[in-house]
Amino acid sequence: MNGKAYLAESISTFALVFFGPLSIILTAVVFGKGLSIETIFVISLAHGAAIGLMVYSFGHISGAHINPAVTIPMIITKKIKISDGIGYIIFQIIGAIIASFSLKLLLPELGSKVNYGVQGGPSDLINNDAITGLSLEIIFTFFLVMVIFMTAVHKKAYTGFHGISIGGMIFLLHLIGIPLTGASMNPARTLGPALASGFWEFHWIYWVGPIVGGIIAGVIMNWIFVNNNNEN
């Protein structure tokens with residue numbers, strides 16, 4: 001058992017699920033912007049910054065997965081032991097739940113207006129279609145995990161840029177994903193606010209999509225690039 005790594009995962013996921021939804025509460029409710037260009041930009045920046053900063057803070061402790069959809073591919077590609085991977089996921093979920101209920105305690109009325117930041121399912125832009133929403137979450141998470149494997153796992157990647165690269169991809173995915181699916185790419189990120197708000201519509205999409213997309217990316221990147229890094 002790696003207690004420090006588990007705690008790092010919990011703290012990192014808390015940061016994401018606290019500051020990310022808090023940016024939604026502040027922009028969409030307090031500042032009254034709704035789903036505007038300014039709102040999407042601020043929310044995207046908050047999520048990207050939270051992830052990037054946590055990668056720099058705890059990447060050397062746990063790898064800063066902050067996401068079951070990242071940890072599961074790491075288990076499958078044997079970058080982490082199964083027992084540690086299970087511990088990571090448990091503590092990621094714990095961190096997410098504590099973060100969401102912290103928001104519920106601190107900002108009960110404001111937070112409830114946006115269900116504490118939970119993704120609301122496929123939007124009207126994609127006709128509220130579950131399969132389209134699922135497909136988008138698979139694609140979004142594929143590229144997130146691709147960046148993680150190619151910058152943080154690949155031994156020939158430039159050092160010192162992991163946080164910028166991963167945080168930058170989170171920023172990009174939120175910019176284009178918020179109006180479509182709410183941009184989860186992370187089951188823990190969706191679970192915490194769902195428990196706090198009681199909003200469970202289309203919840204399965206945010207588990208199946210990220211996990212499937214993450215596994216596809218992790219297996220392909222590991223097989224083609226990471227395991228053959230000494231050949232090119």
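Structure's up top.
Just so you know, these numbers come straight off a predicted model, no measurement behind them.

1. Focus on the overall build of the chain
Scanning the chain from N- to C-terminus turns up nine helices and zero strands. In the chain, the order of α-helices and β-strands from amino to carboxyl end is α-α-α-α-α-α-α-α-α. A compact globule built from 232 residues should have a C-alpha radius of gyration of about 17 Å, and the chain, at 17 Å, falls within 12% of that. Long-range pairs, those at least 24 residues apart, make up 78% of the contacts in the chain between residues at least 6 apart in sequence. As displayed, the chain has an accessible area near 10600 Å², and 70% of this comes from carbon and sulfur atoms. Charged side chains of the chain number 10 positive and 9 negative; the gap between the two group centres comes to 13 Å.

2. Points about the environment of Ser123
As for its placement among the helices and strands, Ser123 is situated in the loop between α5 (108-112) and α6 (130-153). Not counting residues up to four positions away in its chain, the partners in contact with Ser123 are Asn128, Pro179 and Leu180.

3. Quick look at the packing of aromatic side chains
Tallying each qualifying case throughout the model produces six aromatic pairs. Between Phe14 and Phe18, the ring centres sit 5.4 Å apart and the planes meet at 10 degrees, which makes this aromatic pair stacked. Of this pair, Phe14 and Phe18 both sit in helix α1 (residues 3-30), separated by four residues, roughly a single helical turn. We classify Phe14 as partly exposed; its relative accessible area is 26%. Judged by relative accessible area, Phe18 falls into the buried class, the value being 14%.

4. Description of empty space enclosed by the protein
Inspection of the entire model under this criterion finds one cavity of 30 Å³ or more. Taken as a whole, the largest cavity encloses approximately 160 Å³ of empty space. Lining the largest cavity are 21 residues, and of these Ile51, Asn67, Leu144, Ile170 and Asn186 lie nearest its centre. At the level of elements, α2 (37-62), α6 and α7 (162-177) are the ones that each hand at least two residues to the lining of the largest cavity. Residue composition of the lining of the largest cavity, grouped by class: 13 nonpolar, seven polar and one charged.

What counts, and at which threshold
Residues numbered from 1 in each chain as written. Predicted model: local features only at pLDDT ≥ 70, side-chain atom pairs only at ≥ 80, totals over all residues. Heavy atoms only, no water. Helix = DSSP H or I, 4+ residues; strand = E, 2+ residues; numbered from the N terminus. Rg over C-alpha atoms; globule rule 2.2 N^0.38 Å. Contact = heavy atoms within 4.5 Å. Areas by Shrake-Rupley, 256 points an atom, 1.4 Å probe, with all protein chains shown as cover. Lys, Arg positive; Asp, Glu negative; His and termini not counted. Charge placed at Lys NZ, Arg CZ, Asp CG, Glu CD. Phe/Tyr/Trp six-rings, centres within 6.5 Å; stacked < 30°, edge-to-face > 60°. Buried < 20%, exposed > 50% of the residue type's maximum accessible area, 1.4 Å probe, protein only. 1 Å grid on protein atoms, 1.4 Å probe; cavity = no way out; pocket = protein on both sides within 12 Å on 5 of 7 lines; lining within 4 Å. Points joined across faces, edges and corners; volume = space filled by probe spheres on them. Nonpolar A, V, L, I, M, F, W, Y, C, P; charged D, E, K, R; others polar.

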